[in-house]
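Topology and contacts: notes
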Amino acid sequence: MTEELIITKPDDMHLHLREGETLKHVVMHTAKQFARAIVMPNLENPVTTVTMANRYCQEIKKHIGDSLFNPLMTLYFNDSLDSDELKKVRDSDNIIGIKLYPAGVTTNSKDGVSDFKNCLPIFKMMEEFDIPLLIHCEVSDKNVDIFDREKVFIDKYLINFHKYFPSLRIIFEHISTKEAAQFVLESGPTIAATITPQHLLLNRNDLFSGGIRPHHYCLPVLKRSAHQTAIVDAALSGSPKFFLGTDSAPHPKNQKESSCGCAGIYSALSAIELYAEVFYKNNAINLLENFSSKYGASFYNLPINSSKIKLVKKPLHIPESIQIGKDQIIPLFAGKTINWHLSS
Ligand code: NCD
Ligand code: ZN
């Protein structure tokens, strides 16, 4: 008999949808699997105001057709956020939080934060208004080894942010190290983390297996296998502090396969199946639903989705490449076969 798993429809708590032709196509991949997604604001012209977020949300909604998919928006943290703007965020139904990028840390982050001292009054207001702060937790200091940038951010900044603003809800995005998992576990209930499929499925050997593998390059960069194990343990721990956030981030094939390939992995095509693969391989498929569909919603004070999805245990072949408008995109696990299939 075919094995089946019916779970509450999941939410993707960290997603890049882009704009224009790419947005038009990639939004459908997410909408097929997820009821809601938290949409990152790092467009080429970042989404810095409530007006811009509402406009971007309308643009996304034009492409979701008949699906009941609900995009949840974020603002790009910037110095001009004042109490009037933050009150609008607090009172908004579709803006869920504010995403902070240290300047220069990743794709489209040049307008991010360069001096954290300027952020503190804004953190104070966000704490008062109970607005979640989503952080890309890596230092962008080029003198810090790229594999240590997450740990250095925790020690230099995050510990203090949590200490001085203990009621501020902080989402430690895409954790990639054992230090990150440990920090989240040991800190208060206002700290949680998203976990991507790539940090569960891959480690830094996969970046260099038989040659350089640009489609495995993302930020935070993949770490050594002991860290991968710690991230898997966190996802399977049953702690409500860890939940699904794909960080699916499409880049055209030719921009990844270049002398300076950009960071980002496209996983939206088969995201829930890839997470199912990890839980299944670790004999923990029964823990998938909380991780993918409940813990994130609870942390963000959202209702749990009422709709369900069905996963069937039968081989799923992930295509080598997909065409998005005029671009080719290589999805995560391209050309591989995995065990679970989302039933339509
Ligand atoms: C993301 C992107 O391409 O927008 N890239 C990535 O490697 N994860 C940005 C980000 O989340 O760092
Ligand atoms: Zn991201």
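Higher on the page you've got the structure.
Now for a quick tour of the structure. (Residues numbered from 1 in each chain as written. Chains lettered and ligands numbered in written order. Predicted model: local features only at pLDDT ≥ 70, side-chain atom pairs only at ≥ 80, totals over all residues. Heavy atoms only, no water.)

Bringing the environment of Val232 into the picture now. Relative to the helices and strands, Val232 resides in helix H8 (residues 225–235). Val232 gets classed as buried once you look at its relative accessible area, which sits at 11%. As for Val232 and Asn54, which are separated by 178 residues in sequence, their C-alpha atoms are 36 Å apart. Look past the residues within four positions of Val232 in its chain and what remains in contact with it is Leu200 and Asn282. (Helix = DSSP H or I, 4+ residues; strand = E, 2+ residues; numbered from the N terminus. Buried < 20%, exposed > 50% of the residue type's maximum accessible area, 1.4 Å probe, protein only. Contact = heavy atoms within 4.5 Å.)

Counted at 1.5 Å a residue, the expected span for helix H2 (residues 50–61) with its twelve residues is 16 Å, and the 16 Å between its end C-alpha atoms agrees. Turning to H2, its buried residues number three or more, namely Val50, Ala53, Tyr56, Cys57 and Ile60. Buried residues along H2 cover an arc of 125° about the axis, so they all sit on one side. Counted as exposed and oriented over 90 degrees from the buried face of H2: Thr51 and Arg55. At its buried positions, H2 is contacted by helix H1 (20–33), strand E3 (36–39), strand E4 (70–76), helix H3 (83–91) and strand E5 (95–100). (Expected span 1.5 Å × (residues − 1). Arc of directions from axis to C-beta.)

The environment of ligand 1 is formed by 15 residues, the closest being Arg18, Thr106, Leu219, Asp247 and His251. Take His136: an N or O atom from its side chain is 3.3 Å from an oxygen atom of ligand 1. A distance of 2.8 Å separates an oxygen atom of ligand 1 from a polar atom in the backbone of Leu219. When isolated, ligand 1 has an accessible area of 310 Å², and the protein chains bury 100% of it. Taken together, the residues of the shell around ligand 1 break down into four nonpolar, nine polar and two charged. (Near = heavy atom within 4 Å. Polar contact = N/O pair within 3.5 Å; in protein donor to acceptor, adjacent residues only side chain to side chain. Areas by Shrake-Rupley, 256 points an atom, 1.4 Å probe, with all protein chains shown as cover. Nonpolar A, V, L, I, M, F, W, Y, C, P; charged D, E, K, R; others polar.)

As a further point, take H3. Buried residues of H3: Glu85, Leu86 and Val89, and no others. Axial view of H3: buried residues confined to an arc of 100°, hence all on one face. In H3, those exposed residues whose orientation departs by more than 90 degrees from the buried face are Asp84 and Asp91. Elements that come into contact with the buried residues of H3 comprise H2, E4, E5 and helix H4 (120–129).

Here we come to the coordination of the zinc ion (ligand 2). Each protein donor to the zinc ion (ligand 2) is listed here as His14 (NE2), His16 (NE2) and Asp247 (OD); together their distances run 2.0 Å. One can describe the donor arrangement at the zinc ion (ligand 2) as irregular, given that its four donor atoms subtend angles of 91 to 142° at the metal. The buried category is assigned to His14, whose relative accessible area is 1%. Of the residues examined, Asp247 reaches a relative accessible area of 7% and is grouped as buried. (Donors = N, O, S within 2.8 Å, 3.2 Å for Na, K, Ca; no water. Tetrahedral: all angles 85-135°; square planar, octahedral: opposite > 155°, others 65-115°.)

The next thing to look at is the pairing of E4. Within E4, six of the seven residues are buried, leaving the element largely enclosed by the surrounding structure. Bridge analysis of E3 against E4 gives four bridges, and the strand direction is parallel. In the sheet register, Ala37 faces E4, and the bridge partner there is Pro71. Across four bridges, the pairing between E4 and E5 is parallel. When the sheet's bridge partners are listed, Leu75 is paired in E5 with Ile98. The β-α-β motif built from E4, the intervening H3 and the parallel element E5 has right-handed crossover chirality. (Pairing = 2+ DSSP bridges. Right-handed = clockwise from strand over helix to strand, strands pointing away.)

Here we have three strands laid out as an open sheet, ordered E1-E10-E13, and antiparallel in their pairing. The open sheet has two edge strands, strand E1 (4–8) and strand E13 (337–343), and neither has a second partner. Going from strand to strand, the sheet's axes swing by 35° on average, the running direction of each strand aside. Pairing between E1 and strand E10 (residues 308–317): five bridges, direction antiparallel. Pairing of Thr8 across the sheet is with Lys308, part of E10. Against the sheet, helix H10 (residues 271–281) touches E10 and E13, its axis set at about 120° to E13. Most of the contacts of helix H11 (residues 288–299) go to E1, to which it runs at about 25°, and overall it touches E1 and E10. (Axes fitted to C-alpha atoms, helices over the stretch in contact; angles between N-to-C directions.)

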